[in-house]
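What follows is the residue order along each chain.
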Amino acid sequence: MSTFVESFVAEVESRNPAQPEFIQAVREVVESVEPVLEKRPAYREAKILERLVEPERVIMFRVPWTDDSGEIHVNRGYRVQASSALGPYKGGLRFHPTVTLGVLKFLAFEQIFKNSLTNLPIGGGKGGADFDPKGKSDQEVMRFCQSFMTELHRHIGPDTDVPAGDIGVGAREIGYLFGHYKRLRNEFTGVLTGKGVDWGGSLIRTEATGYGAVCFAAEMLEASGDTIAGKTCVVSGSGNVALHAVEELNRLGAKPVTLSDSSGFIHDPGGITEDKLAWAKDLKLKKRGRIEEYAVRFSGATYHAADRGADHNPLWSVEAQCAFPCATQNELNEIDAQNLIEGGCRAVAEGANMPCTPGAVHLLVESGVLFGPGKAANAGGVAVSALEMAQNSQRLSWTREEVEERLRAIMRGIFRRCADAAEAHGLGRNYAAGANIAGFVKVADAMLDQGHV
Ligand code: NDP
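Values in this document were obtained by computation on a predicted structure and should not be read as measured data.

**Quick look at the pattern of salt bridges**
Scanning the model with the defined rule gives 28 salt bridges in all. Here Lys126 makes a salt bridge to Asp166, at a shortest N to O gap of 3.1 Å. Remark: Asp166 occurs in the loop between β5 (161–164) and α7 (171–185) and Lys126 occurs in strand β4 (residues 124–129); sequence separation between them is 40 residues. Take Lys126: its relative accessible area is 2%, and that puts it in the buried class. Classification of Asp166 as partly exposed rests on a relative accessible area of 22%.

**Some details on the side chain of Asn392**
Along the polypeptide, Asn392 turns up in helix α15 (residues 380–394). Non-local contacts of Asn392, meaning those with residues more than four positions away in its chain, are made with Gly190, Lys195 and Gly200.

**Some thoughts on the side chain of Arg408**
Mapped onto the fold, Arg408 is located in helix α16 (residues 400–424). Since its relative accessible area comes to 16%, Arg408 is described here as buried. Apart from residues lying up to four places away in sequence, Arg408 is in contact with Cys215, Glu248 and Arg251.

**Topic: the sheet that holds strand β6 (residues 232–235)**
The strand order across the open sheet built from five strands is β7-β6-β11-β12-β13, with neighbouring strands paired in parallel fashion. A single partner strand is all that each edge strand has here, and the edge strands are β7 (255–256) and β13 (370–372). In the sheet, β6 pairs with strand β11 (residues 322–324) via three bridges, with the strands oriented parallel. The residue bridging Val235 from the neighbouring strand is Phe324, located in β11.

**Section: the packing of helix α2 (residues 20–39) against helix α17 (residues 431–450)**
The interhelical angle for the contact between α2 and α17, taken along N-to-C directions, is 65 degrees, at an axis separation of 9 Å. Relative to α17, the element α2 is oriented roughly perpendicular. Crossing hand, α2 versus α17: right-handed. Where α2 approaches α17, its residues Glu28, Val29, Ser32, Val33, Val36 and Leu37 are matched on the opposing element by Ala433, Asn436, Ile437, Phe440 and Val441. Its residues placed into classes, the contact of α2 with α17 shows eight nonpolar, two polar and one charged.

**Notes on the domain arrangement of the protein**
As assigned here, the protein comprises domain 1 (55–187) and domain 2 (206–377). Spacing between the C-alpha centres of domain 1 and domain 2 amounts to 27 Å. Facing the 13 residues of domain 1 at the interface are eleven residues of domain 2. Both faces considered, domain 1 and domain 2 share a buried interface measuring about 980 Å² in area, 48% of it formed by carbon and sulfur atoms. Linking domain 1 to domain 2 there are one salt bridge.

**Some points on helix α1 (residues 3–15)**
For α1, with 13 residues, the first-to-last C-alpha span of 18 Å sits near the 18 Å given by 1.5 Å per residue. For α1, the full list of buried residues reads Phe4, Val5, Phe8, Val9 and Val12. Relative to the axis of α1, the buried residues are bounded by an arc of 115 degrees and lie together on one face. Seen from the open side of α1, the exposed residues pointing more than 90 degrees away from its buried face are Thr3 and Ser14. Residues of α1 that are buried make contact with α2, α3 (41–45) and α4 (48–52).

**With respect to the pairing of strand β8 (residues 258–261)**
Here β8 shows no split at all, with Thr258 and Ser260 on one side and Leu259 and Asp261 on the other all buried. Hairpin connection between β8 and strand β9 (residues 264–267): a loop of two residues separates the two successive antiparallel strands.

**Considerations on the environment of Gly372**
Structurally, Gly372 can be placed in strand β13. With relative accessibility at 0%, the residue Gly372 sits in the buried group. Note: C-alpha distance between Gly372 and Glu350 (22 residues apart in sequence) is 6.1 Å. The contacts of Gly372, once residues within four sequence positions are left out, are Phe216, Met220, Val348, Ala349, Glu350 and Ala377.

**Some remarks on the packing of aromatic side chains**
The final tally for this structure, using the stated rule, is 19 aromatic pairs. Judged by centre distance (5.3 Å) and plane angle (90 degrees), the ring pair of Trp65 and Phe131 falls under edge-to-face. With a gap of 66 residues between them, Trp65 in strand β1 (residues 57–66) and Phe131 in the loop between β4 and α6 (138–152) connect regions that are remote in the sequence. Of the two residues examined, Trp65 and Phe131, each falls in the buried class. Measuring from centroid to centroid gives 6.1 Å for Phe95 and Phe131, while their planes differ by 85 degrees, and the two rings are edge-to-face. Pair noted here: Phe95 is in strand β3 (residues 89–95) and Phe131 is in the loop between β4 and α6, with a separation of 36 residues, a long-range link. Given the relative accessible area of 1%, Phe95 is considered buried.

**Structural notes on the site of the ligand**
Around the ligand sit 26 residues in total, of which Asp166, Thr209, Ser262, Arg290 and Asn353 are the nearest. The separation between an oxygen atom of the ligand and a polar side-chain atom of Thr209 is 2.7 Å. Between Asn240 and the ligand, the recorded distance is 3.0 Å, taken from a backbone N or O atom to an oxygen atom. Of all elements in the fold, only α8 (205–223), α9 (240–251) and β8 reach the threshold of two or more residues within the shell around the ligand. Residues lining the shell around the ligand come from more than one domain, with at least three contributed by each of domain 1 (55–187) and domain 2 (206–377).

**Some points on the pairing of β6**
Alternating positions in β6 separate into two faces, Thr232 and Val234 on one and Cys233 and Val235 on the other, with burial throughout. Pairing of β6 with β7 involves two bridges; the strand directions are parallel. What sits directly across from Cys233, in β7, is Pro256. Between the parallel elements β6 and β7, the chain passes through α9 in a crossover that is right-handed.

Calculation rules
- Residues numbered from 1 in each chain as written.
- Predicted model: local features only at pLDDT ≥ 70, side-chain atom pairs only at ≥ 80, totals over all residues.
- Heavy atoms only, no water.
- Salt bridge = Lys/Arg side-chain N within 4 Å of Asp/Glu carboxyl O.
- Helix = DSSP H or I, 4+ residues; strand = E, 2+ residues; numbered from the N terminus.
- Buried < 20%, exposed > 50% of the residue type's maximum accessible area, 1.4 Å probe, protein only.
- Contact = heavy atoms within 4.5 Å.
- Pairing = 2+ DSSP bridges.
- Axes fitted to C-alpha atoms, helices over the stretch in contact; angles between N-to-C directions.
- Parallel < 35°, antiparallel > 145°, perpendicular 65-115°, else oblique.
- Left-handed = near helix turned anticlockwise from the far one by under 90°.
- Nonpolar A, V, L, I, M, F, W, Y, C, P; charged D, E, K, R; others polar.
- Domains from an automatic or database assignment.
- Buried area = accessible area lost by both parts, 1.4 Å probe.
- Expected span 1.5 Å × (residues − 1).
- Arc of directions from axis to C-beta.
- Phe/Tyr/Trp six-rings, centres within 6.5 Å; stacked < 30°, edge-to-face > 60°.
- Near = heavy atom within 4 Å.
- Polar contact = N/O pair within 3.5 Å; in protein donor to acceptor, adjacent residues only side chain to side chain.
- Right-handed = clockwise from strand over helix to strand, strands pointing away.

Structure below.
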């Protein structure tokens, strides 16, 4: 690694102690864009990187709420407003016990480049709380959301910052958050995306991230003369992203064979077909059950409990030609990458944010596996969020076909920008570096234009 990257990352580390995910994300971008900085000294002189690693604003607040038995709990809420160079801050809210300032700073940093890659007018942000919606009643979740919004509403708005969902924040939570914002502000505006389609939401928003990740994988395969049809695919997670990735894989004639949650994974060698997927969606999205039940319901499928102490995840040892990590960060390490390669994997598209460790990414890229980084492959969700903002501004709703067509065009555009940037810098099919470069250049140019802010 170059001295510039080493000393830059060391400085960021010393200013942001105990934020390993943030440092990991920064290092990855800085490594990729170093050749660009060498070619364009103006970026260095204007301290573009130094400014990008410092969020424009971080809001951190107390979220007190009362459970059904009357006991008071206190969680910590956050909003990281990373960059408004290209538009209002845009990025999801995550409710999960693992949420920390460092995790949200990593996600907000990634979001800057992801949103830039979409070519839509959106800046980057991320937020959430260390609250676990799992096992809570609807009333408890509503009280939490209302308390969270009681503070957050001061800092967001349709032209300022437009949050969406992420892990633990789905249609139910967005509904409660929106309802309380409306009550506090006396305004019905497009302040959140992922809203119900009857009250300002966009068709296809729920499906967009999973559909987009599969579209990105299909583009990578097509560019190398292959197709996704007929491919056996391993998918992790069983939330919004994973379930819709499975749906799109079926539609394109591929065979998805796994799903997982934090307790373990199921393997269905016969394929998670449309009817089985409908059942899994009901289980995970409506009944909030465990994926283990899939193997009880469908003969031929097996369940494998997670072993937290293991040095690898056996889900990635299932033989497949394509892999879609769609659960959480750092869920696929170097050993897992090796197992995928040995199993004949041709393409990996990240549905989740940074699910592959740096060692895994390096190994996959070096081994010639087509690799779609999260900031490109999972940008379909935020892209349709921006389309939801456009519909809200116009007070119109576009048809399913119209949104779907725009989503596919945006994903194809993102793929092209990654591929062109990689090619222009002599990086072959290294789409991870291509995504960082293309995402960075657009933000950097906007920052040059807007002066030292
Ligand atoms: P959901 O909450 O709907 O689902 C998350 C899934 O991942 C669940 O199956 C959950 O299991 C599993 N999971 C979460 N944490 C862990 C963990 N520590 N170990 C193992 N499994 C875990 O979230 P989404 O599907 O919305 O998000 C998944 C990923 O995609 C995240 O990285 C998110 O940032 C990213 N993403 C999401 C977008 C969206 O539009 N929703 C947009 C772009 C990226 P369990 O049920 O046990 O909790």
